[in-house]
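Descriptive structure summary
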Amino acid sequence: FWAAGGVLLLWQGLLFLTTKGAVPGFVRTEPRPQHYIQMCCHLGVYSYWGYYWAPVYPYLPLLFAQVLFAYTFDTLLCWSRKRPFGVGFGPIPIVFSTNLFLWFRDDWFAFQFLLIAVGFLGKAFLQWERDGRRVHIFNPSAFSLALFSLVLIVTGSTSITWAQEINTTFALGPRIYLVLFLI
């Protein structure tokens, strides 16, 4: 937490010094249904899963910390690219979706912030033009999950994550597939 916060503060300080405090600011964007509907669906999944697997509910403050990190990281990334930050729900589904599949254990939790950061970097830099707009190519959470999973598997380091427990406990709730379909 200290390292992630320190990196963000350092980045903000450098940005302030290099722009003399003239950052592009914020832009209010229309809420996108794909963002707030995903957020609500994820909350439903976490609620149901947490009822049947005890570690989920105590993990929620860590999830909230990652959301704060994601908003800050995304804001600084936009400002570094001389673009205003569009305030909306966008970062929340990225964090929630990423955490449905991979949690790093406490000693390695700093990688969780890196996992989120890589998703936002992929979103910002791997783009194409579609319908006259520049849009990201990959789902940001899927992009970072694929990269990190590949590295963890190749290096035999999956034990530093809760991936096995997530995989095996997700189905503890009765009729999980029906619940997922209804959500």
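Being a predicted model, the structure only gives us computed values, none of them experimental.

**A short note on the overall build of the protein**
A tally of helices and strands in the protein yields eight helices and four strands. Taken against the 2.2 N^0.38 rule, which gives 16 Å for 183 residues, the C-alpha radius of gyration of the protein at 17 Å falls within 12% of a compact globule. For the C-alpha atoms alone, the extent of the protein along its principal axes is close to 55 × 35 × 30 Å. By residue count, 37% of the 183 residues in the protein fall in the buried class.

**Focus: the nonpolar core**
Of all hydrophobic cores here, the largest spans 33 residues; its most connected members are Tyr46, Trp49, Phe69, Phe73, Val95, Phe96 and Trp103. Looking at this core, the elements that each hand over two or more residues are helix H1 (2–19), helix H2 (33–52), helix H3 (56–80), helix H4 (91–99) and helix H5 (110–125). Here this core takes eleven residues from H3, the largest share from any one element. Counting residues in hydrophobic clusters, the runner-up holds eight residues, among them Val118, Leu145, Leu152 and Ile160.

**Observations regarding the side chain of histidine 42**
Relative to the helices and strands, histidine 42 resides in helix H2. Residues contacting histidine 42, with those up to four places away along its chain left out, are Pro93, Phe96, Ser97 and Leu100.

**A look at the pattern of salt bridges**
Tallying each qualifying case throughout the model produces two salt bridges. Across the salt bridge formed by lysine 123 and aspartate 74, the nearest N and O atoms sit 4.0 Å from each other. In this pair, lysine 123 is assigned in helix H5 and aspartate 74 in helix H3, connecting sequence segments 49 residues apart. A relative accessible area of 26% means that lysine 123 is categorised as partly exposed. Assessed through its relative accessible area of 8%, aspartate 74 is described here as buried.

Conventions used here
- Residues numbered from 1 in each chain as written.
- Predicted model: local features only at pLDDT ≥ 70, side-chain atom pairs only at ≥ 80, totals over all residues.
- Heavy atoms only, no water.
- Helix = DSSP H or I, 4+ residues; strand = E, 2+ residues; numbered from the N terminus.
- Rg over C-alpha atoms; globule rule 2.2 N^0.38 Å.
- Buried < 20%, exposed > 50% of the residue type's maximum accessible area, 1.4 Å probe, protein only.
- Core = buried A, V, L, I, M, F, W, Y, C linked by side-chain atoms within 4.5 Å.
- Contact = heavy atoms within 4.5 Å.
- Salt bridge = Lys/Arg side-chain N within 4 Å of Asp/Glu carboxyl O.

These figures come from the coordinates and say nothing about function on their own.
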